[in-house]
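# Coordinates in review
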Amino acid sequence: MKREWLNLYFVMGSTDCDGRDPRVVLQEAINGGVSFFQFREKGRGAKVGMEKKKLARELKEICKRHDIPFIVNDDIELALEVEADGVHIGQEDTPFSMVAERLTPEMIIGVSCHTVEEAAAAVDDGADYIGVGPMYFTTTKKDIREVKGPEVIREIRHAGLTVPIVGIGGIDAGNALDVLEAGADGVAVISAISKAVSAFEAAEEFCRIHNIVTK
Ligand code: 3NM
């Protein structure tokens, strides 16, 4: 797991694209500088079964062409079937040990965390990276926890945890810098890229912001 992969983590499924073709949105976002991708097919109208698998394969191929890791949200069977690079799980999803048992050792496992305690537990379990959120209010995910802001990332770093971290939830070009300055390696974003007029320009803008902290 390379820390730089998390510089700009795009998370997306077909329901996040305002009716646009998710393959086109992903390609544009990658052209703009996305470095990591998670297929998260959720919500009303989400694809299931064969259709979900077909879309997963297509999005994975796009990622592969650009050497971008392809992660599947909480669907171990699908991840194995499409030979994904890893799986992302939430606190209420399949337990870490069960996921790790099913995957091959080189596959990446990311875990959503909301507190220092959850972060420490994820590190103990062997998580390759953690997603910390929600940073800000968002309507993209319905069952979000209490908004804590970038401060929780600062607390996780102060606790001595060096695990790769992305902030997630309500992140846009106006607040991404605060998340990075709190100690995140990168930002994970759905709507600020998937619903942007230009996914390319939105991704480019996040990359510019990331460059401010790394220079
Ligand atoms: N997880 P947007 S918030 C998928 O807090 C997800 O763990 C969250 O979407 C968490 O960038 C969230 O559109 C939604 O706000 C992120």
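Residues numbered from 1 in each chain as written. Predicted model: local features only at pLDDT ≥ 70, side-chain atom pairs only at ≥ 80, totals over all residues. Heavy atoms only, no water.

As recorded in an unreviewed UniProt entry, the protein goes by the name Thiamine-phosphate synthase, listed as coming from Sutcliffiella horikoshii. Quoted verbatim from the Function (unreviewed entry) heading of the UniProt record, the comment on the protein is "Condenses 4-methyl-5-(beta-hydroxyethyl)thiazole monophosphate (THZ-P) and 2-methyl-4-amino-5-hydroxymethyl pyrimidine pyrophosphate (HMP-PP) to form thiamine monophosphate (TMP)." (UniProt positions renumbered as here; feature names shortened; annotations may be inferred.)

Where helix H1 (residues 22-32) meets helix H9 (residues 199-214), the closest approach of the two axes is 7 Å, and the angle between their N-to-C directions is 35°. When the axes of H1 and H9 are compared, the crossing they make is right-handed. Contact residues: Val25, Glu28, Ala29, Asn31 and Gly32 in H1; Ala199, Phe200, Ala203, Glu204 and Cys207 in H9. Tallied by class, the residues present in the contact of H1 with H9 amount to 6 nonpolar, 2 polar and 2 charged. (Axes fitted to C-alpha atoms, helices over the stretch in contact; angles between N-to-C directions. Helix = DSSP H or I, 4+ residues; strand = E, 2+ residues; numbered from the N terminus. Left-handed = near helix turned anticlockwise from the far one by under 90°. Contact = heavy atoms within 4.5 Å. Nonpolar A, V, L, I, M, F, W, Y, C, P; charged D, E, K, R; others polar.)

What follows covers the packing of H1 against helix H2 (residues 49-65). At a minimum axis distance of 10 Å, the contact between H1 and H2 shows a crossing angle of 20°. Considering their axes alone, H1 and H2 lie roughly parallel with respect to each other. The two elements H1 and H2 meet at a crossing, and its hand is right-handed. Two secondary-structure elements touch here, H1 through Pro22, Arg23, Leu26, Gln27 and Ile30 and H2 through Leu55, Glu58, Leu59, Ile62, Cys63 and Arg65. Of the residues assigned to the contact of H1 with H2, the class counts are 7 nonpolar, 1 polar and 3 charged. (Parallel < 35°, antiparallel > 145°, perpendicular 65-115°, else oblique.)

This part is about the layout of surface pockets. Space inside the largest pocket adds up to approximately 690 Å³. What lines the largest pocket is a set of 36 residues, among which Arg40, Ser112, Lys141, Ile144 and Ile168 lie closest to the centre. Listing elements by their share of the lining of the largest pocket, those giving two or more residues are strand S1 (8-12), strand S4 (86-89), strand S6 (129-132), strand S7 (165-168), strand S8 (186-189) and helix H8 (191-194). Computed from the structure, the second largest pocket encloses a volume of approximately 230 Å³. Around the second largest pocket sit Thr15, Asp16, Arg40, Lys42, Gly43, Arg44, Thr139, Thr140, Lys141, Lys142 and Lys195, which together line it. Within the lining of the second largest pocket, the residues separate by chemical class into no nonpolar, 4 polar and 7 charged. (1 Å grid on protein atoms, 1.4 Å probe; cavity = no way out; pocket = protein on both sides within 12 Å on 5 of 7 lines; lining within 4 Å. Points joined across faces, edges and corners; volume = space filled by probe spheres on them.)

For the rest of this paragraph, the subject is H9. An ideal rise of 1.5 Å per residue puts 22 Å on 16 residues; H9 measures up with 23 Å between its terminal C-alpha atoms. Listing the buried residues of H9 in full gives Ala199, Ala202, Ala203, Phe206, Ile209 and His210. One side of H9 carries all its buried residues, which in axial view fall inside an arc of 120°. Away from the buried face of H9 by more than 90 degrees, exposed residues Glu201 and Ile212 are located. Those residues of H9 that are buried lie in contact with S1, H1, helix H7 (176-181), S8 and H8. (Expected span 1.5 Å × (residues − 1). Buried < 20%, exposed > 50% of the residue type's maximum accessible area, 1.4 Å probe, protein only. Arc of directions from axis to C-beta.)

Near the ligand lie 13 residues; those nearest to it are Thr138, Thr140, Gly170, Ile190 and Ser191. One of the backbone nitrogen or oxygen atoms of Gly170 is found 2.7 Å away from an oxygen atom of the ligand. A distance of 2.6 Å separates an oxygen atom of the ligand from a polar atom in the side chain of Ser191. Here the ligand has 420 Å² of accessible area as a free molecule, and 96% of this is covered by the chains. The cavity that encloses the ligand is the largest pocket. Looking at side-chain class alone, the shell around the ligand contains 4 nonpolar, 7 polar and 2 charged residues. (Near = heavy atom within 4 Å. Polar contact = N/O pair within 3.5 Å; in protein donor to acceptor, adjacent residues only side chain to side chain. Areas by Shrake-Rupley, 256 points an atom, 1.4 Å probe, with all protein chains shown as cover. Sits in = over half its atoms within 2 Å of the grid points.)

Right, let's talk about the environment of Val213 for a bit. The topology assignment puts Val213 in helix H9. Separated by 113 residues in the primary sequence, Val213 and Ala100 place their C-alpha atoms 33 Å from one another. Ignoring anything within four residues of it in the chain, the contact list for Val213 reads Leu177, Leu180 and Glu181.

Relative to the elements of secondary structure, His210 occurs in helix H9. Overall, His210 belongs to the buried group, its relative accessible area being 8%.

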